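Coordinate analysis (summary)
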Amino acid sequence: MSVYRPLVCLFRHGTAARAWRTLTTWSPVGAAFNARVHRRLDIFHQNGLFGVPELSCVEGFEVVQDRALQETQQLVEEACRCPPGVQTVEIFDKLSDSLCRVADMADFIKVAHPDPSYREAAERTCINIGTMVERLNTNVDLCKSLKDLLDNEEIFSKLDPETRRVAELFLFDFEISGIHLDKKKRKEAVNLNVKLLDLSNQFLMSCHMPNRIEKRALPEHIHQHFTKDGNYIQIGGLNADAPDDLVREVAYKVFLYPNENVMHILEELLSCRDKLARLVGYESYAHRALKGTMAKSPGRLYSSEIVSLLSFSSFNNMACWHVVFYLCRFNIEPSLYSPYFSLGACMEGLNGLFTQLYGASLLAEQPSVGEVWSEDVRKLAVVHETEGLLGYIYCDFFYRPDKPHQDCHFTIRGGRQLEDGQYQLPIVVLMLNLPHPTRSAPTLLSPGMMENLFHEMGHAMHSMLGRTRYQHVTGTRCVTDFAEVPSILMEYFATDYRVISQFARHYQTGQVFYAIMDQVYHGKPQNRSTTDIMIDMQKKYYGLPYVTNTAWQLRFSHLVGYGAKYYSYLMSRAVASMVWKQCFYKDPLNRETGERYRREMLAHGGGKEPMLMVEGMLQKRPSIEDFVNALVSDLDPDFETFIMDSEG
C-alpha cells in the first residue's frame, strides 16, 4: 500500500524525468535486462543445466542421482565409524550437501523446465532422493553416531557455536521423523513421509494447472484475454491486473472452480500430515512444524490481540475479483509510472543499492550453451569489492505458460566451507512472471511487480552474503519465520523515495486470513471439508463474501512448502518493520548499517538462533507486544478511505 506516496513524490519533483535527460545509456546489468537476449551458437561445447555436464540430456538425472546415493552410502558408513567430534558434524553436512545438490536442482527443474521429459525425470529424482532422506532420518545407527557427540559434554562444549547448533538441528530432524519409535512404527513413519512426498508433488502440480471452459460459454470479446485450445478456452490464473471487470470475474470463477480429485488430494495430504505428527508424539502437525521456530507453538499465534488488530473487514462487500486489481493500481494510471520502471532500470537500482550497502555488485554473464532451460534466462555473478565472487543468481523473469504463476526463489546449491579452504559458492534461481519486452519498449514494471522483484532479490542476497561453515544452515536454510525477514525488508527499500530516485528513469502480501486458515487446516482434525473451513475463515478474517462454486484453497500452493507455517510472513514482516524503522529509515543507503545488517543477520543463515540475530540487530529482544505494534504501525491509515474511493 505504501508504494503510492513515494511514487507521487518522485513524479512531483521530476527526479526521474531529469535522470532520463542526463543519462542516455544503460549500465551492463541494466542493458542485460532491457535488451533482447542473443545467445552464441556453439555446437561443439554443449554444457548441462547449471554447468552440470550430465544434465545435457534427460538420462543425466539418473546418473547424478545414482552418484549421490552411492556417495550417501559411503558417508553413512564413515559417520557410523567416526569417533565423536567436529568430524561427525562435517560428515553429516557432506551427506546433506550431496543429497541437497541433486534434490534441490531437481525440485526446481520439475516445475520450471519447458520440456515435459525433463520435468518428469526431475520429479522421479525428487521422489527417489526424498525417499532416501526419510530412510536416513530413521536410521538408528546413524542417529546414534550423532547422539554420542551431543551426549559427550566434554567434547560437545568445546565445539564452536555454529557447529553445536548444526549438530542439534540434525538431531532435531531425527526426532521429528520418529527415531525414538520402535521398528514397526519407524517403518510406518517412513511410509507416511514417502506418501507425503507424492501427495505434495501431486497437489503442487495441480495448483498451477489451468481450467478449461467451452468457448461458447464466454462472450466472444473476452476470448483474446485467454489461451485458446480448440473449442475451449484455457484459464491459468486470476488475471487480477486486467482492466476489464468481466475478464477478472470470469478468470476468478473458472480458475477457482472446484476439482474433486484435487480436493481429495488436499484432504489426504492434511490427514497424512496429522497421522505422522501424532505418530511421532505431537498434538498436531502445526505443533510439529512450529517446534524450533520463533513462534515456538501454535498457541502463541492465536493471541486475540493479534487477531483483532490485524483482521481486515473493510472491503465493504467488494467482489473478490476487484480487490487485488484496485490494491495493485493505487489509483494511479499505469502509463504514468511504468515507463520509469523498466526491468533494466530496476536491476540497476538493485545493483546500486547492494553496492552502497554491502560493497557487492551484480555482473551479467553469458551462460554456456545448455546451461539454462530457457533462452530468456539471465545469469548474474555477485562480486564483492574485497571478497571476490560470492555466488550466482539465475533470473527466470519472463512469463511462460509452463511456469508456476507465483513468484518464488529456489536454492540450487548451498554455500559451505570446503576442506581445501575454498568456499562452495551458492547458486540460486529467482522466478518471476513479468511481461516480455516488445519491439518498441523493454519490460515495464508496475509498483507491485517492482516490489516482488525486490522481495525475491532479498532472498537471493541472503544466500549470496551468507558465509556459513555448513551448507545445512546456509542462506535461507533457517527457520521459516525468520527466512522471510531479508526479503520483506527489501520491500521497504522498494517503496522509499530516496532509493527509487536513484534509478527510476524513463526507458526511452490480507496475510492474517491465510495464516489462520493454514493453522486450522493443520490443527486438530475437523469433521468438515476444507472448503467449509475456508468459507468460515474468510467470513471471520477477510471481510469478503464467498463466491459459490469456488475453492481457492486448491490453488494455495504454499500449503506444501509452508504447511502450518504461512504465519511466517507476518512474523517476518514484524521483524523487517522493526529493522527498517530502527536501523535503515533515517538513511537507507548507509554502508555502516548495511555491513552491520550483514554481520548480525544475513551472514549466519540458520547457523544461529533467529531471536539472537534479531536481538543483535535491534539491541533488544522484542516482546509479543513489539511484534504486534510493528505490524499495526505498518497498516496504511488511509486504507479504508482508499477502498471506499475505489468503489465510488
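Here goes a summary of the coordinates provided.

Procedures and definitions
Residues numbered from 1 in each chain as written. Predicted model: local features only at pLDDT ≥ 70, side-chain atom pairs only at ≥ 80, totals over all residues. Heavy atoms only, no water. Core = buried A, V, L, I, M, F, W, Y, C linked by side-chain atoms within 4.5 Å. Buried < 20%, exposed > 50% of the residue type's maximum accessible area, 1.4 Å probe, protein only. Helix = DSSP H or I, 4+ residues; strand = E, 2+ residues; numbered from the N terminus. Axes fitted to C-alpha atoms, helices over the stretch in contact; angles between N-to-C directions. Parallel < 35°, antiparallel > 145°, perpendicular 65-115°, else oblique. Contact = heavy atoms within 4.5 Å. Nonpolar A, V, L, I, M, F, W, Y, C, P; charged D, E, K, R; others polar. Pairing = 2+ DSSP bridges. Polar contact = N/O pair within 3.5 Å; in protein donor to acceptor, adjacent residues only side chain to side chain. 1 Å grid on protein atoms, 1.4 Å probe; cavity = no way out; pocket = protein on both sides within 12 Å on 5 of 7 lines; lining within 4 Å. Points joined across faces, edges and corners; volume = space filled by probe spheres on them. Expected span 1.5 Å × (residues − 1). Arc of directions from axis to C-beta. Left-handed = near helix turned anticlockwise from the far one by under 90°.

**Focus: the nonpolar core**
Judged by nonpolar contacts, the single largest core of 138 residues is most densely connected at Met347, Ile393, Phe397, Leu453, Phe493 and Met601. It is helix 25 (residues 568-584) that contributes the most residues to this core, 11 residues altogether. Within the second largest apolar cluster, 58 residues are counted, among which are Ile91, Val377, Leu425 and Tyr470.

**Quick look at the packing of helix 17 (residues 343-358) against helix 26 (residues 591-602)**
Running from N to C, helix 17 and helix 26 cross one another at 85°; their axes reach a closest spacing of 6 Å. Relative to helix 26, the element helix 17 lies roughly perpendicular. Seen from helix 17, the contacting residues are Thr355, Gln356, Leu357 and Tyr358; seen from helix 26, they are Arg591, Gly594, Glu595, Tyr597, Arg598 and Leu602. Within the contact of helix 17 with helix 26, the residues separate by chemical class into 4 nonpolar, 3 polar and 3 charged.

**Things to note about the sheet that holds strand 3 (residues 232-235)**
The sheet built from 3 strands is open, its strands ordered 1-3-2 with antiparallel pairing. In this open sheet, the two strands that pair with only one neighbour each are strand 1 (211-214) and strand 2 (227-229). Going from strand to strand, the sheet's axes swing by 35° on average, the running direction of each strand aside. Bridging between strand 2 and strand 3 involves 3 bridges; their strand directions are antiparallel. Counterpart to Lys228 in the pairing with strand 3 is Ile233. Running at roughly 85° to strand 3, helix 11 (residues 245-255) makes contact with strand 1 and strand 3 of the sheet.

**Regarding the sheet that holds strand 7 (residues 408-413)**
The strands that make up a sheet are held in pairs by hydrogen bonds between backbone atoms, and each pair lies either parallel or antiparallel. Across the sheet, which stays open at both edges, the 5 strands sit in the order 4-5-6-10-7 with mixed pairing between neighbours. This sheet does not close on itself; its edge strands, each paired only once, are strand 4 (360-365) and strand 7. Put simply, the sheet's adjacent strands are angled 25° from each other on average, direction ignored. In this sheet, strand 6 (residues 388-398) lies alongside strand 5 (residues 378-384) in antiparallel orientation, the contact comprising 7 bridges. What sits directly across from Leu380, in strand 6, is Ile393. Contacts between helix 5 (residues 86-112) and the sheet are confined to strand 7 and strand 10 (427-434), with strand 7 contributing the most and set at about 145° to the helix.

**Considerations on the side chain of His223**
Within the element layout of this structure, His223 appears in the loop between strand 1 and strand 2. In terms of polar contacts, His223 uses its side chain to reach the backbone carbonyl oxygen of Leu218, at 3.2 Å. If near-sequence neighbours (up to four positions away) are discounted, His223 is found in contact with Lys215, Leu218, Lys228 and Ile233.

**Describing unusual backbone geometry**
Even without glycine at this site, Phe50 takes up a positive phi of about 55°. Position of Phe50 among the secondary structure elements: in the loop between helix 3 (28-34) and helix 4 (60-81). Judged by its relative accessible area of 8%, Phe50 falls in the buried class. For Gln619, which is not glycine, the phi dihedral falls at a positive 65°.

**Here we look at empty space enclosed by the protein**
Size it by volume and the largest cavity reaches roughly 40 Å³. Mapped by element, the contributors of at least two residues to the lining of the largest cavity are helix 17, helix 18 (447-465), helix 20 (485-494) and helix 26. Split by residue class, the lining of the largest cavity holds 7 nonpolar, 1 polar and no charged.

**Thoughts on helix 4**
In this model, helix 4 (22 residues) spans 32 Å end to end at C-alpha, consistent with the 32 Å of a helix rising 1.5 Å per residue. Here helix 4 has its buried residues at Gly60, Phe61, Val64, Gln65, Ala68, Thr72, Leu75, Val76 and Ala79. In an axial view of helix 4, the angular spread of the buried residues amounts to 140°, which keeps them on one side of the axis. Seen from the open side of helix 4, the exposed residues pointing more than 90 degrees away from its buried face are Glu62, Gln70, Gln74 and Arg81. Along its buried surface, helix 4 packs onto helix 5, helix 6 (116-136) and helix 7 (140-151).

**Focus on the packing of helix 26 against helix 27 (residues 610-618)**
Where helix 26 meets helix 27, the closest approach of the two axes is 9 Å, and the angle between their N-to-C directions is 155°. Taken together, helix 26 and helix 27 sit at an angle that is classed as roughly antiparallel. As for the relative orientation of helix 26 and helix 27, their crossing is right-handed in sense. On helix 27, the residues touching Thr593, Arg596, Tyr597, Glu600 and Met601 of helix 26 are Met613, Val614, Gly616 and Met617. Residue composition of the contact of helix 26 with helix 27, grouped by class: 5 nonpolar, 2 polar and 2 charged.

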